[in-house]
Amino acid sequence: MSIQAVIFDADGTLVDSEEPGMDVLHALAVAHGVQVTRDEAHQRFRGARMADCIAWITAQLPTQAPGFEAALTAQVRQQSEIRFRQGLQPLPGALALLQSLQMPFCVATNGPREKVELTLGLTGLRHLLGERIFCAYEVGHFKPDPGLFLHAAQALGVAPAHCAVVEDSLPGVLAGLAAGMQVFSLHPRAGMAAEVAQRVTFIDGLESLGPLLAGS
């Protein structure tokens, strides 16, 4: 099927915010007494919605004070913003790719509006998106549910089968497949079930995506 529109994830796909964000979650979990390695935390939290990450951390603790989850969520958001402002960068090739695309494109993220506005703004990509930013908190569907991507496709006016999804997380890949879209994965083949891996196109970076889209 020809590709007529592209739906990008934000964290870890267009902007280099996934690693520092996961590091903040890991550090705070350990500070509260959770026994989890950095690699385990990254694998568990990558692409997941914040509420699920916080719930998992909370479940590992024997007791919590009232309002613990809300306080921890606020702490994660605050410390993540500090990390982002210390020098967040776009992923290699992101700016050139968005500038060169001759078809509709958008961002569809599990993150809240304030986070994606911040990260795209800090990395110089925000002006290229206009109103085409769709957040799970506003749409009401979180990846791996396909609803967010289906909403984005409808807003772009392109049938799901003619949409490409570019993702770095397993929940995002699964959401794209469930939506009936063509998925390009920055997530490595390792750690992905074989029946999922055979349905996606793996890319090493955004620099290699342009020719694939052009040749579709």
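For the structure itself, consult the block above.
Bear in mind that the values here come from a model prediction, so they are computed numbers and not experimental data. (Residues numbered from 1 in each chain as written. Predicted model: local features only at pLDDT ≥ 70, side-chain atom pairs only at ≥ 80, totals over all residues. Heavy atoms only, no water.)

## A few points about the overall build of the chain
So, step 1. Secondary structure assignment for the chain yields 11 helices and 6 strands.
So, step 2. Taking 216 residues into account, the globule formula puts the C-alpha radius of gyration at 17 Å, and the chain, at 17 Å, falls close to it.
So, step 3. Once the C-alpha set of the chain is aligned to its principal axes, its extents read approximately 55 × 35 × 30 Å.
So, step 4. Considering the chain as a whole, with its 216 residues, one finds that 49% of them fall into the buried category.
So, step 5. For the chain, the proportion of contacts with a sequence separation of at least 24, taken over those separated by at least 6, is 64%.
So, step 6. Seen as two clouds, the 14 positive and the 21 negative side-chain charges of the chain have centres 2 Å apart. (Helix = DSSP H or I, 4+ residues; strand = E, 2+ residues; numbered from the N terminus. Rg over C-alpha atoms; globule rule 2.2 N^0.38 Å. Buried < 20%, exposed > 50% of the residue type's maximum accessible area, 1.4 Å probe, protein only. Contact = heavy atoms within 4.5 Å. Lys, Arg positive; Asp, Glu negative; His and termini not counted. Charge placed at Lys NZ, Arg CZ, Asp CG, Glu CD.)

## As for the sheet that holds strand 5 (residues 182-185)
So, step 1. Strands sit in the order 3-2-1-4-5-6 across an open sheet of 6 strands; the sheet is parallel. Pairing within the sheet leaves two strands with one partner each, and these edge strands are strand 3 (133-135) and strand 6 (201-202).
So, step 2. Sheet strands touched by helix 8 (residues 147-156): strand 1 (5-8), strand 2 (105-109), strand 3 and strand 4 (163-167). Its angle to strand 2, the strand with the most contacts, is close to 155 degrees. (Pairing = 2+ DSSP bridges. Axes fitted to C-alpha atoms, helices over the stretch in contact; angles between N-to-C directions.)

## Some points on helix 1 (residues 18-31)
So, step 1. Between the first and last C-alpha of helix 1 there are 20 Å, a value that for 14 residues agrees with the 20 Å anticipated at 1.5 Å per step.
So, step 2. Across the 14 residues of helix 1, 10 count as buried, placing the element largely inside the fold.
So, step 3. Within helix 1, burial applies to Glu18, Pro20, Gly21, Met22, Asp23, Val24, Leu25, His26, Leu28 and Ala29.
So, step 4. At the exit of helix 1 stands Gly33, carrying a positive phi of roughly 100 degrees. (Expected span 1.5 Å × (residues − 1).)

## Details of the environment of Val36
So, step 1. Mapped onto the fold, Val36 is located in the loop between helix 1 and helix 2 (38-45).
So, step 2. A relative accessible area of 11% places Val36 in the buried class.
So, step 3. In sequence terms Val36 and Ile57 are 21 residues apart; their C-alpha atoms lie 9.7 Å from each other.

## Describing the nonpolar core
So, step 1. If you look at the biggest cluster of nonpolar residues, it comprises 27 residues, and the most contacted ones within it are Phe8, Leu14, Leu98 and Leu209.
So, step 2. Looking at this core, the elements that each hand over two or more residues are strand 1, helix 5 (94-100), strand 2, helix 6 (113-122), strand 3, strand 4 and helix 11 (209-214).
So, step 3. Ranked by residues supplied to this core, first place goes to helix 5 with 3 residues.
So, step 4. Those residues in contact with Leu209 that lie beyond four places of it in its chain are Phe8, Leu97, Val166, Phe184 and Ile203.
So, step 5. If you look at the next biggest cluster of nonpolar residues, it comprises 25 residues, including Ala108, Val173, Met192 and Ala197. (Core = buried A, V, L, I, M, F, W, Y, C linked by side-chain atoms within 4.5 Å.)

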